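Summary of the model geometry
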There are 2 protein chains.
Amino acid sequence: MFLRIDHVGIACHDLEEKIAFYESTFGLTVVSREVNEEQGVKEAMLHVAEGEGGASYVQLLEPLSPETAVGKFLAKRGEGVHHIGYGVADVTRALQEIAGKGVRLIDSRPRHGSMGAAIAFLHPKDVGGVLTELVEAPRRSS
Amino acid sequence: MFLRIDHVGIACHDLEEKIAFYESTFGLTVVSREVNEEQGVKEAMLHVAEGEGGASYVQLLEPLSPETAVGKFLAKRGEGVHHIGYGVADVTRALQEIAGKGVRLIDSRPRHGSMGAAIAFLHPKDVGGVLTELVEAPRRSS
């Protein structure tokens, strides 16, 4: 079902400062910056590698306010890994299959993710404490 | 510097139970099981994908005792993402380069990791709360 580790989602207080750190320390490159009002974050995708199942990224997330999910995460846990995103071919189908195994879904239907992807989150309590995201990348224009 | 997201390291209470979950729910396959006395864990590597820079895995970690690093992590935070491992071509060289940027190292020299890799950890306080591992995979025999 999983095609790749699509991204590691990392919560931080200062997006620009953390981008500069990942660029200068590890040589990663920002390929996308977005504000996602629905999820309450501004974010950047930093490209790590290409694979048979698509690209992998570090996703840096800064909350738009303390009341957002990522804002509450930072207040409770501090900066660190917020979630893991795995690539799938068809997020709707993957959700059905996973729900059929008894895993609770945060999103029963896909919503808008980074760089045009269709995404959905699974409930961390049913995935061993890991907030797990499914990512269906947009079809590349040929 | 980073060739791939080598693995997501996930701490759990019951390795066999979590392996069964990842296999049955997400279709991943165990490719290696090891006990690493030095790190105080028994672990399994589940293959996710192949990429231009090598393979990516989910690494499940069960502590050998409550006094180990992963045991203490579980007591404090509960199950969840413990660390992120990134592939590098030369871990000794990467450590020198990263230390030169002012990032503190947990391991100033490489040690033994999963599946014959040479690995080293960076200090999470200098990497935005993320326990970050460098992984130099063993050369494949041709």
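Predicted, not measured: the structure shown is a model, and the values here were computed from it.

Okay, the side chain of D6(B) next. Residue and element names in this part refer to chain B. Looking at the secondary structure, you find D6 in strand β1 (residues 4-11). With a relative accessible area of 5%, D6 lands in the buried category. Leave out the neighbours within four places in its chain, and D6 touches M45, A55, S56, Y57, G85, Y86, G87 and V135.

Looking now at the UniProt feature "domain: VOC" (unreviewed entry) in chain A. Following the UniProt record, one finds the feature "domain: VOC" (unreviewed entry) at residues 4-137 of chain A. Helix makes up 23% of residues 4-137 of chain A and strand makes up 43%, while its end C-alpha atoms are separated by 11 Å.

The subject of this paragraph is the packing of aromatic side chains. Given two aromatic rings, one states the distance between the centres and the angle between the planes to describe the pair. On inspection of all chains with the given rule, the structure shows 10 aromatic pairs over all chains. Ring centres of F21(B) and F26(B) lie 5.6 Å apart, and the angle between their planes is 85°; this geometry places the pair in the edge-to-face category. An aromatic cluster is built from F2(A), Y86(A), F21(B), Y22(B) and F26(B), whose rings are joined through pairwise contacts.

Before going further, it helps to examine the interface of chain A and chain B. The partner chain B presents 38 residues to the 38 residues of chain A that form the contact. For the pair chain A and chain B, the summed buried area comes to about 3,100 Å², and 67% of that belongs to carbon and sulfur atoms. Of all residues in chain A, the largest losses of buried area upon contact with chain B belong to F2(A), I5(A) and F26(A), amounting jointly to 20% of the total for that side. Where chain A touches chain B, the interface holds zero salt bridges. Remark: the boundary between chain A and chain B carries six residue pairs in polar contact (both at pLDDT 80 or more).

Under the definition given, this model contains 14 salt bridges over all chains. Linking K18(B) and E79(B) is a salt bridge whose minimum nitrogen-to-oxygen distance equals 3.1 Å. With K18(B) in helix α1 (residues 15-26) and E79(B) in the loop between α2 (69-77) and β5 (80-87), this residue pair connects regions lying 61 residues apart in the sequence. Taking the relative accessible area as the measure of exposure, E79(B) reaches 22% and is therefore partly exposed. Among the charged side chains, a network of salt bridges with common partners joins E17(A), K18(A) and E79(A).

A contiguous patch of positive charge on the surface is contributed by K76(A), R77(A), K125(A), K76(B), R77(B) and K125(B). Among the secondary structure elements, those contributing two or more residues to the positive patch are α2 (69-77) of chain A together with α2 of chain B. Locating K76(A) in the fold gives a position in helix α2. Residue classification places K76(A) among the exposed positions, given a relative accessible area of 72%.

Let us look at the relation of the copies chain A and chain B. Overlaying chain A on chain B yields an RMSD of 0.0 Å, the required transformation being a rotation through 180° with an accompanying axial translation of 0.0 Å. The transformation relating the two chain copies, once decomposed into turn and shift, fits a two-fold axis. Across chain A, the smallest distance between a C-alpha and the rotation axis is recorded for G51(A), namely 1.8 Å.

The next thing to look at is the pairing of strand β7 (residues 118-122) of chain A. Residue and element names in this part refer to chain A. The buried fraction of β7 is high, at four of five residues. Connecting strand β6 (residues 111-112) to the next strand, β7, in antiparallel fashion are five residues, including M115 with a positive phi near 55°. Bridging between β7 and strand β8 (residues 132-136) involves five bridges; their strand directions are antiparallel. Its bridge partner lying in β8, F121 is registered against E133.

Turning our attention to the pairing of strand β8 (residues 132-136) of chain B. Every regular strand shows the same layout, with side chains that alternate between the two sheet faces. Residues and elements named next belong to chain B. Burial runs high along β8: five of the five residues are buried. Here β8 shows no split at all, with T132, L134 and E136 on one side and E133 and V135 on the other all buried. Inspection of the sheet shows β5 paired to β8 by four bridges, in the parallel sense. Among the inter-strand pairings, I84 is bridged to a residue of β8, identified as T132.

Turning next to the environment of P124(B). All names here are of chain B. Considering the arrangement of structural elements, one finds P124 in the loop between β7 (118-122) and β8. Sequence-wise, P124 and L105 are 19 residues apart; in three dimensions their C-alpha atoms are separated by 9.0 Å. If sequence neighbours within four positions are ignored, P124 has contacts with I106, G129, V130 and L131.

Moving on, we come to the nonpolar core. One finds Y22(A), I84(A), Y22(B) and I84(B) to be the most contacted residues of the largest nonpolar core, which totals 63 residues. For Y22(A), the residues in contact, after removing those within four places along its chain, are I10(A), G27(A), L28(A), L46(A), V58(A), L60(A), Y86(B), V127(B) and V130(B).

Reading the values: the criteria
In this numbering scheme, every chain counts its residues from 1 along its sequence in written order. Whichever chain is written first becomes A and whichever ligand is written first becomes 1, with later ones labelled in order. Residue-level local features of this predicted model are given only where pLDDT is at least 70; pairs of side-chain atoms are given and counted only at 80 or more, and the full residue set underlies all totals for whole chains, interfaces and linings. Just so you know, side-chain values use all the structure's heavy atoms and leave hydrogens and water out. The helix count covers DSSP runs of H or I at least four residues long, the strand count covers runs of E at least two residues long, and both are numbered beginning at the N terminus. Burial classes: relative accessible area under 20% of the type maximum marks a residue as buried, over 50% as exposed, and values in between as partly exposed (1.4 Å probe, protein chains only). Two residues form a contact once any of their heavy atoms are found within 4.5 Å. UniProt positions are given in the numbering used here, feature names are shortened, and annotations may be inferred rather than shown by experiment. In summary, the pairing rule links any two rings of Phe, Tyr or Trp, Trp by its six-membered ring, whose centres are within 6.5 Å, and it sorts them by plane angle into stacked for under 30 degrees, edge-to-face for over 60 and tilted for everything else. The term buried area means the drop in 1.4 Å probe accessible area that two parts suffer when joined, counted for both and summed. Between Lys or Arg on one side and Asp or Glu on the other, a salt bridge is scored when a side-chain nitrogen of the former is within 4 Å of a carboxyl oxygen of the latter. Pairs of N or O atoms within 3.5 Å make up the polar contacts considered here, provided that, within protein, one atom can donate a hydrogen while the other can accept it, and that residues adjacent in sequence are counted only when both atoms are side-chain atoms. Residues form patches when they are more than 30% accessible in relative terms and have no salt bridge. Like charges link within 9 Å. Nonpolar side chains (Val, Leu, Ile, Met, Phe, Trp, Tyr) link within 5 Å. Here the Shrake-Rupley method, with its probe set to 1.4 Å, supplies the accessible areas, and only the displayed protein chains count as covering residues. As used throughout, the charge tally considers Lys and Arg to be positive and Asp and Glu to be negative, leaving His and the chain termini uncounted. In this description, the location of a charge corresponds to atom NZ of lysine, CZ of arginine, CG of aspartate or CD of glutamate. Copy-to-copy alignment: least squares on C-alpha atoms, limited to residues at pLDDT 70 or above in both. One requirement defines pairing of two strands: DSSP has to find at least two bridges between them. In this text, buried Ala, Val, Leu, Ile, Met, Phe, Trp, Tyr and Cys residues form a nonpolar core when linked through side-chain atoms within 4.5 Å.

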